[in-house]
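Breakdown of the fold
Listed below, chain by chain, are the residues.
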Amino acid sequence: MHKPLTHRFLALVLAALMAPAFVTTAPTVLAQDDPVTSEEYAVEVPKPAGWEQTSGNEKAVAVFTEPQTQSQIEIVPTKLMTPDVAEVFFNTFHKTLTESTFERIGEPEVKELYGDKTAKETIYRFTHSGVTLKVRVISFIRGTTAWLVVGYMQDKEEEKIKPQFDSVVKGLVFK
């Protein structure tokens, strides 16, 4: 499990480093294209308008890439045998990031999502060759499934991408 995640992060970092500089004055678009549905996890995931559905992480129910900035959003669930196993899943993911030299920025922030459900948001930073990549990680449990929603974006694109990332998180529909 560690090796594919590490390769995935390094591939994403390389893609972000090779992406052309992109400056925009266009307003953030929060409209959504057709959602992606997973029958296995009983979830509907909104796709931000203008983003492409891509593949690459076989554990994800949806992966979206913004073509101009190469920013990415992944939704990764895992079914739990018991709720306490979720912490192992979350801790393994966070450990993989820190072992790949991603620096955690501050303490995780607890947020309210979906009524009485709470989530943690943890933010990481990775800098290479003068380019800084931010990784936003939302983790929560819903029923017997642990969820990670992960957003990868260049630091300079965060103002444009964060509202789109937030709209995906808040727009998840559980059936």
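This text gives an overview of the structure that appears in the document.

Rules and cut-offs
Residues numbered from 1 in each chain as written. Predicted model: local features only at pLDDT ≥ 70, side-chain atom pairs only at ≥ 80, totals over all residues. Heavy atoms only, no water. Helix = DSSP H or I, 4+ residues; strand = E, 2+ residues; numbered from the N terminus. Buried < 20%, exposed > 50% of the residue type's maximum accessible area, 1.4 Å probe, protein only. Contact = heavy atoms within 4.5 Å. Phe/Tyr/Trp six-rings, centres within 6.5 Å; stacked < 30°, edge-to-face > 60°. Lys NZ or Arg CZ within 6 Å of the ring centre and 35° of its normal. Expected span 1.5 Å × (residues − 1). Salt bridge = Lys/Arg side-chain N within 4 Å of Asp/Glu carboxyl O. Core = buried A, V, L, I, M, F, W, Y, C linked by side-chain atoms within 4.5 Å.

Details of the overall build of the protein
The secondary structure content of the protein amounts to three helices and ten strands. Taken from N to C terminus, the helices and strands of the protein fall in the order α-β-β-β-β-β-α-β-β-β-β-α-β. Across the 175 residues of the protein, 46% fall into the buried class. In the protein, the share of contacts with a sequence separation of at least 24, taken over all contacts with a separation of at least 6, comes to 52%.

Some remarks on the packing of aromatic side chains
Throughout the structure, instances matching the rule amount to six aromatic pairs. The interplanar angle of 50 degrees and the centroid separation of 5.7 Å between the aromatic rings of F89 and F90 together place this pair among those described as tilted. F90 carries the same exposure label as F89, and that label is buried. When the centroid spacing of 6.3 Å and the interplanar angle of 10 degrees are considered together, the rings of F140 and W147 count as stacked. Like W147, F140 is buried. When the ring centre of Y41 is taken as origin, the NZ or CZ atom of K79, which lies over that ring, is 5.2 Å away.

Thoughts on helix α3 (residues 158-171)
The first and last C-alpha atoms of α3 sit 19 Å apart over 14 residues, in line with the 20 Å expected at 1.5 Å per residue. Among the residues making up α3, those that are buried are E158, K160, I161, Q164, F165, D166, S167, V168 and V169.

Some remarks on the pattern of salt bridges
Enumeration according to the criterion identifies eleven salt bridges in this entry. Close ionic contact of D155 with K134 constitutes a salt bridge, the shortest N to O distance being 3.2 Å. Within this pair, whereas D155 is found in the loop between β9 (145-154) and α3, its partner K134 is found in strand β8 (residues 131-142), the two being separated by 21 residues in sequence. Each of the salt bridges in this network shares a partner with another, and the network as a whole consists of K111, E121, K134, R136, D155 and E158.

Describing the nonpolar core
Among the nonpolar cores identified, the biggest contains 23 residues, and V43, V45, I75, I138, F140, W147 and V149 are the most heavily contacted of them. Of all the secondary structure elements, the ones that give two or more residues to this core are β2 (43-48), β4 (62-66), β5 (71-79), β8, β9 and α3. Looking at this core element by element, the count peaks at four residues for α3. Look past the residues within four positions of I75 in its chain and what remains in contact with it is V45, A60, V61, A62, F64, W147, L148, V149 and V168. Of all hydrophobic cores here, the second largest spans 19 residues; its members include V63, Y124, F126 and L133.

From the geometry alone we can't say anything about function, so treat these as descriptive.
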